[in-house]
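An overview of the molecular structure
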Amino acid sequence: MRVLVVEDEPKMAELLRRGLHEEGLVADVALSGAVALQRVADTKYDVIVLDVMLPDISGIAVCRQLRADGVWSPVLILTARDDIQDRVAGLDAGADDYLVKPFAFDELLARIRALLRRGTAERPAVLEVEGLRLDPATHRVWALDEEVSLTPREFALLETFMRRPDQVLTRDQLLEQVWDLGSEQRSNVVDVYVRFLRSKLDGPYGRQTIETVRGVGYRLAPLAR
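In what follows, the accompanying structure is described. Fair warning: this is a prediction, and the values are worked out from it, not measured in the lab.

**Section: the overall build of the protein chain**
The helix and strand tally for the protein chain stands at 8 helices and 12 strands. In terms of its C-alpha atoms, the protein chain occupies a principal-axis envelope of roughly 60 × 35 × 30 Å. Across the 225 residues in the protein chain, those meeting the buried criterion constitute 43%. Pairs at least 24 residues apart make up 56% of the contacts formed inside the protein chain by residues separated by at least 6 positions.

Shown next as structure tokens:
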């Protein structure tokens with residue numbers, strides 16, 4: 001397994017490299033964000049350990065760029081600031097985990113092992129299905145590059161569809177994903193909110209974004225350009 005350590009403090013970077021090597025992992029070091037992006041362009045890494053405070057590009061920006069470039073290697077962010085906003089920013093940028101400095105090396109190893117088990121499946125920070133774009137962090141939606149205003153429930157319903165493109169979802173599955181257990185759950189509430197989404201997403205385009213599959217449920221149909 002190959003790990004990239006992105007850390008601008010040479011002594012810390014070398015300590016991490018040696019420790020990972022002693023555990024049987026191949027570890028490369030990048031002392032800046034620009035070097036990290038170049039290393040990832042040249043080499044496939046199983047895990048990326050990414051410091052937030054870098055001399056050129058922030059670790060958050062590096063993570064966003066990696067995801068934008070289609071790099072889905074698990075990213076573990078290291079931060080010296082135990083600030084909830086910093087952690088939220090990192091996770092929303094596409095990171096998979098974070099660890100606050102100072103940290104125990106054994107914990108770092110455990111988190112790396114957990115990320116290795118998780119694999120490199122695509123986990124985009126912004127969801128895109130042809131013609132539709134949804135940003136979970138900012139709660140913004142675009143249809144054919146035009147921003148659409150959705151209520152929180154409409155947003156949650158569309159996000160559920162976009163995370164399962166071309167998959168037929170039953171009313172019960174949609175109720176389970178979008179409505180909490182304490183609310184009054186009726187299958188017709190799904191029909192009502194699907195109509196709301198259709199009215200907002202389909203009106204300008206003259207088509208049906210969410211298809212009805214008779215006797216089963218609904219399926220998201222990408223908007224045609």
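After that view of the structure, there is still more to cover.
**Let's talk about the pairing of strand β7 (residues 132-135)**
Sheet faces and side chains relate simply in a regular strand, where the side chains alternate between the two faces. Bridge count for strand β6 (residues 127-129) against β7 is 3 bridges, and the pairing is antiparallel. Each residue of the ladder has a partner; that of Val129, found in β7, is Leu132. Between β7 and strand β8 (residues 140-143), which pair antiparallel one after the other, the connecting turn spans 4 residues, and His139 there sits at a positive phi close to 55 degrees.

**Some thoughts on unusual backbone geometry**
Here the residue pair Lys101 and Pro102 is connected by a cis peptide bond, since its omega of -10 degrees sits within 30 degrees of zero. In this structure, Pro102 sits in the loop between β5 (97-100) and α5 (105-118). Of note, Leu144 is a non-glycine position whose phi angle comes to about 50 degrees, a positive value. Checked against the element boundaries, Leu144 lands in the loop between β8 and β9 (146-148). Here Asp145, not a glycine, exhibits a phi torsion of approximately 70 degrees, which is positive. Asp145 sits in the exposed class, given a relative accessible area of 54%.

**Looking at the packing of helix α1 (residues 10-22) against α5**
Contact geometry for α1 and α5: axes closest at 11 Å, N-to-C directions at 60 degrees. Remark: the crossing between α1 and α5 carries right-handed chirality. Where α1 abuts α5, its residues Leu16, Gly19 and Leu20 lie against Phe105, Leu108, Leu109 and Ile112. Grouping the constituent residues of the contact of α1 with α5 by class yields 6 nonpolar, 1 polar and no charged.

**Observations regarding the packing of aromatic side chains**
Throughout the structure, instances matching the rule amount to 1 aromatic pair. Pairing Tyr193 with Phe196 gives two aromatic rings, centres 5.2 Å apart and planes at 75 degrees, and the pair type is edge-to-face. With a gap of 3 residues between them, Tyr193 and Phe196 both fall in helix α8 (residues 187-201), about one helical turn apart. Above the ring of Trp142, the side-chain terminus of Arg133 is found at 4.2 Å from the ring centroid.

**Things to note about the side chain of Glu154**
Within the secondary structure, Glu154 is located in helix α6 (residues 152-162). With a relative accessible area of 4%, Glu154 lands in the buried category. Within the local environment of Glu154, its side chain forms a polar contact with the backbone nitrogen of Thr151, the two atoms lying 2.9 Å apart. Among all residues touching Glu154, those that are not within four sequence positions of it are Ser149, Tyr193, Phe196, Leu197 and Lys200.

**Some points on the nonpolar core**
Core analysis: the biggest nonpolar cluster contains 27 residues, and Leu157, Leu158, Phe161, Met162, Val190 and Leu220 have the highest contact counts within it. Those elements giving two or more residues to this core turn out to be β6, β7, β8, α6, α7 (171-178), α8 and β12 (217-220). Aside from chain neighbours lying at most four places away, what touches Leu158 is Leu132, Leu134, Val141, Leu150, Leu197, Leu201 and Leu220. Listed in part, the 19 residues of the second largest apolar core include Val6, Val40, Leu50 and Val75.

**Remarks on the environment of Glu147**
Along the chain, Glu147 turns up in strand β9. Judged by its relative accessible area of 45%, Glu147 falls in the partly exposed class. Sequence separation between Glu147 and Gly33 is 114 residues; the distance between their C-alpha atoms is 32 Å. In contact with Glu147, not counting residues within four places along its chain, are Arg140, Val141 and Trp142.

**What about the sheet that holds β6?**
An order of β6-β7-β8-β9 is seen for the 4 strands of this open sheet, with the pairing classed as antiparallel. This sheet does not close on itself; its edge strands, each paired only once, are β6 and β9. Adjacent strand axes in the sheet meet at a mean angle of 20 degrees, parallel and antiparallel pairs treated alike. Looking at chain direction, β7 and β8 are connected through 4 bridges and run antiparallel. In the sheet register, Leu132 faces β8, and the bridge partner there is Ala143. Contacts from α6 reach β6, β7 and β8 within the one sheet, and its direction differs from that of β7 by about 115 degrees.

Each value, and the rule that gives it
Here the residue index of a chain counts from 1 through its sequence in written order. Predicted model: local features are reported for residues with pLDDT of at least 70 only, side-chain atom pairs are reported and counted for 80 or more only, and whole-chain, interface and lining totals are derived from all residues. For side-chain calculations, the full set of non-hydrogen atoms in the structure is used, while hydrogens and water are omitted. Numbering goes from the N terminus for both helices and strands, where a helix is a DSSP run of H or I of at least four residues and a strand is a run of E of at least two. A 1.4 Å probe rolled over the protein chains alone gives each residue an accessible area, and that area as a share of the maximum for its type sets the label: buried under 20%, exposed over 50%, partly exposed in between. The contact definition used throughout considers only heavy atoms, calling two residues in contact when any of these lie within 4.5 Å. Pairing between strands is defined by DSSP: at least two bridges between the two strands are required. A fitted line through C-alpha atoms serves as each axis, taken over the contacting stretch for helices, and the angle formed by two N-to-C directions is quoted from 0 to 180°. We call a crossing left-handed when the near helix sits turned anticlockwise from the far one by less than a right angle, and right-handed when that turn is clockwise. Only Asp, Glu, Lys and Arg are considered charged, only Ala, Val, Leu, Ile, Met, Phe, Trp, Tyr, Cys and Pro nonpolar, and every remaining residue, Gly among them, polar. When two rings of Phe, Tyr or Trp (its six-membered ring) have centres within 6.5 Å they constitute a pair, described as stacked for plane angles under 30 degrees, edge-to-face for angles over 60, and tilted for the intermediate range. Geometrically, a lysine NZ or arginine CZ counts as sitting over a ring once it is within 6 Å of the ring centre and also within 35 degrees of the ring normal. Identification of polar contacts relies on pairs of N or O atoms within 3.5 Å, with a donor-acceptor requirement for protein atoms, meaning one able to donate a hydrogen and the other able to accept it, and with residues adjacent in sequence counted only if both atoms are side-chain atoms. The term nonpolar core refers to a set of buried residues drawn from Ala, Val, Leu, Ile, Met, Phe, Trp, Tyr and Cys, joined through side-chain atoms within 4.5 Å.

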